[in-house]
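Take a look at the letters that make up each chain.
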Amino acid sequence: MNSVQNNIGGDFAKLLDSGMKKKNTYDVVIGESCIICGQCVDVCTAGALEMNNDNINYNPKKCTRCGLCAEACPVGAIKINRQN
Ligand code: SF4
Ligand code: SF4
């Protein structure tokens, strides 16, 4: 009985893991037109964006997909994928 329970738990964990990877991969994409102005970092209340050595780092675990960063970007460099 224990092994059956473990297998169910394992399959569920794999399913959950694959779902999270899929979601996390496609939430916010910052394109090459980014000029590192930092406005998206300023508007992200979730703390999902940080400026670091002339790069914008995105943390999908904090992102709520609110879309504020894309609206704030002056060059339209941010795409939000809302399908996941
Ligand atoms: S979609 Fe919202 S939470 Fe996610 S990075 Fe942009 S501003 Fe932050
Ligand atoms: S607001 Fe747009 S241009 Fe400015 S740092 Fe963010 S992604 Fe880059």
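Residues numbered from 1 in each chain as written. Chains lettered and ligands numbered in written order. Predicted model: local features only at pLDDT ≥ 70, side-chain atom pairs only at ≥ 80, totals over all residues.

**Student:** Any chance you could explain the site of ligand 1 here in plain terms?
**Tutor:** Taken together, 14 residues lie around ligand 1, and Cys-44, Ala-46, Cys-63, Cys-66 and Cys-69 are the ones closest in. By residue class, the composition of the shell around ligand 1 is eleven nonpolar, two polar and one charged. (Near = placed C-beta within 6 Å. Nonpolar A, V, L, I, M, F, W, Y, C, P; charged D, E, K, R; others polar.)

**Student:** Would you explain the environment of Cys-69 in this entry?
**Tutor:** Relative to the helices and strands, Cys-69 is located in helix α3 (residues 68–72). When the 25 C-beta atoms within 10 Å are taken as the criterion, Cys-69 is described as buried. When residues no more than four places from it in sequence are discounted, the contact partners of Cys-69 are Val-28, Cys-40, Val-43, Cys-44, Leu-49 and Ile-78. (Helix = DSSP H or I, 4+ residues; strand = E, 2+ residues; numbered from the N terminus. Buried ≥ 20, exposed ≤ 12 C-beta atoms within 10 Å, placed from the backbone. Contact = placed C-beta atoms within 7 Å.)

**Student:** When you look at the site of ligand 2 in this model, what are you seeing that I'm missing?
**Tutor:** For ligand 2, the set of nearby residues contains 14 residues, the closest of which are Cys-34, Cys-37, Gln-39, Cys-40 and Cys-73. Among the residues making up the shell around ligand 2, the classes are represented as twelve nonpolar, two polar and no charged.

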